[in-house]
Amino acid sequence: MTLTVGFDLDMTLIDSRPGIRACYLALSERTGTYIDADLAVTRLGPPLVEELVNWFPADEVAAMADLYREMYPVIAITTTPAMDGAREAIAAVRAAGGRTMVVTAKYEPNAKLHLAHLGIEPDVVVGDLWAEQKAEALSEYGAGVYVGDHVGDVRGARTAGALSVAVATGPCPADELRAAGADVVLDDLSAFPAWLDGYREASRA
């Protein structure tokens, strides 16, 4: 079977905090509603609407999410860098003859804009899935490994029966990721190629 490795996006492959912060500030200015953007970017991972409900009445959240997503490409894409080791992690899977996919809670068109801007080219991109929902895409494409930074990513991997590789680069510290059931916890993606080599050797053995 072909090795298929899935990756989360925000705080796994990209440091989306600067762009998201700027977009929240712009949304706040446009709507006249206070949003603590510095706080919001400390809890990235869950879907956008789960953050917006903290700042807008429930009956306005869907419209605010649409407005945010509309503003996002102009404000957030060019200010968002790749995480350390992101390109190398994708390249390591390719060098092993494997396929890569990105499975993210982010709005899929904006996820694709980020990846294109940074020159990161996974084989598959699936957006708008969070936590256990991510198992739908991981299972559909036969992913054996899923890499993410949030306990929700751990749950998604485990629901799909995939190996959960967690990186402690997002809002969840290493101990929390382990407690959630991560099979492997790395400091960041820079450690992923060496881990993948060891994983493949063990699998062959």
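Before reading further, recall that the structure is shown in the block above.
If you're wondering where the values come from, they're calculated on a predicted model, not measured in any experiment. (Residues numbered from 1 in each chain as written. Predicted model: local features only at pLDDT ≥ 70, side-chain atom pairs only at ≥ 80, totals over all residues. Heavy atoms only, no water.)

Draft legend 1. Geometry of the nonpolar core. Within the largest apolar cluster, 28 residues are counted, with the highest numbers of intra-cluster contacts made by Val 5, Phe 7, Leu 13, Val 147, Leu 189, Phe 192 and Trp 195. Taken together, the elements giving at least two residues each to this core come down to β1 (4-7), α5 (86-95), α6 (108-118), β4 (145-148), β5 (163-167), β6 (184-186) and α10 (192-204). Considering each element in turn, this core owes the most residues, five residues, to α5. The contacts of Phe 192, once residues within four sequence positions are left out, are Val 5, Phe 7, Ala 89, Val 93, Val 147 and Leu 186. (Core = buried A, V, L, I, M, F, W, Y, C linked by side-chain atoms within 4.5 Å. Buried < 20%, exposed > 50% of the residue type's maximum accessible area, 1.4 Å probe, protein only. Helix = DSSP H or I, 4+ residues; strand = E, 2+ residues; numbered from the N terminus. Contact = heavy atoms within 4.5 Å.)

Draft legend 2. Seen up close, the sheet that holds β1. Taken together, the six strands give an open sheet; going across it, the order is β3-β2-β1-β4-β5-β6, and neighbouring strands pair in parallel fashion. Two strands in the sheet have a free side with no partner beyond their single neighbour: β3 (124-126) and β6. Going across the sheet, the axis of each strand differs from the next one's by a mean of 20 degrees, ignoring polarity. In this structure, β1 lies alongside β4, joined through three bridges in parallel fashion. In the sheet register, Phe 7 faces β4, and the bridge partner there is Val 147. (Pairing = 2+ DSSP bridges. Axes fitted to C-alpha atoms, helices over the stretch in contact; angles between N-to-C directions.)

Draft legend 3. Representation of the environment of Lys 106. Residue position: Lys 106 is located in the loop between β2 (99-103) and α6. By relative accessible area, which is 11% here, Lys 106 ends up buried. Taking C-alpha positions, Lys 106 is 25 Å from Ala 179, a pair spaced 73 residues apart along the chain. Discounting chain neighbours no more than four positions away, the residues touching Lys 106 are Leu 9, Asp 10, Ile 20, Tyr 72, Ala 111, His 114, Gly 127 and Asp 128. Within the structure, the side chain of Lys 106 is placed 3.2 Å from the side chain of Asp 10, a separation counted as a polar contact. (Polar contact = N/O pair within 3.5 Å; in protein donor to acceptor, adjacent residues only side chain to side chain.)

Draft legend 4. Highlighting the layout of surface pockets. Of the pockets and cavities examined, the largest pocket occupies roughly 470 Å³. The wall of the largest pocket is formed by 30 residues, among which Gly 45, Pro 46, Pro 47, Leu 48 and Ala 105 lie closest to the centre. Of all the elements in the fold, those that place two or more residues in the lining of the largest pocket are α1 (17-31), α3 (48-52) and α4 (61-76). In terms of residue count, α3 provides more of the lining of the largest pocket than any other element does, four residues in total. Classifying every residue of the lining of the largest pocket by side-chain character gives 14 nonpolar, five polar and 11 charged. (1 Å grid on protein atoms, 1.4 Å probe; cavity = no way out; pocket = protein on both sides within 12 Å on 5 of 7 lines; lining within 4 Å. Points joined across faces, edges and corners; volume = space filled by probe spheres on them. Nonpolar A, V, L, I, M, F, W, Y, C, P; charged D, E, K, R; others polar.)

Draft legend 5. Structural detail: the packing of aromatic side chains. A full pass over the atoms with the stated rule returns six aromatic pairs. Here Tyr 24 and Tyr 68 contribute two aromatic rings whose centre-to-centre distance is 5.1 Å and whose plane-to-plane angle is 45 degrees, an arrangement assigned as tilted. In this pair, Tyr 24 is assigned in helix α1 and Tyr 68 in helix α4, connecting sequence segments 44 residues apart. By the burial criterion, Tyr 24 is buried, and Tyr 68 matches it. Relative to Trp 55, the ring of Tyr 34 has its centre 6.0 Å away and its plane inclined at 85 degrees; by these criteria the two rings are edge-to-face. Of this pair, Tyr 34 sits in the loop between α1 and α2 (37-40) while Trp 55 is found in the loop between α3 and α4, placing the two residues 21 residues apart along the sequence. The exposed category is assigned to Tyr 34, whose relative accessible area is 57%. (Phe/Tyr/Trp six-rings, centres within 6.5 Å; stacked < 30°, edge-to-face > 60°.)

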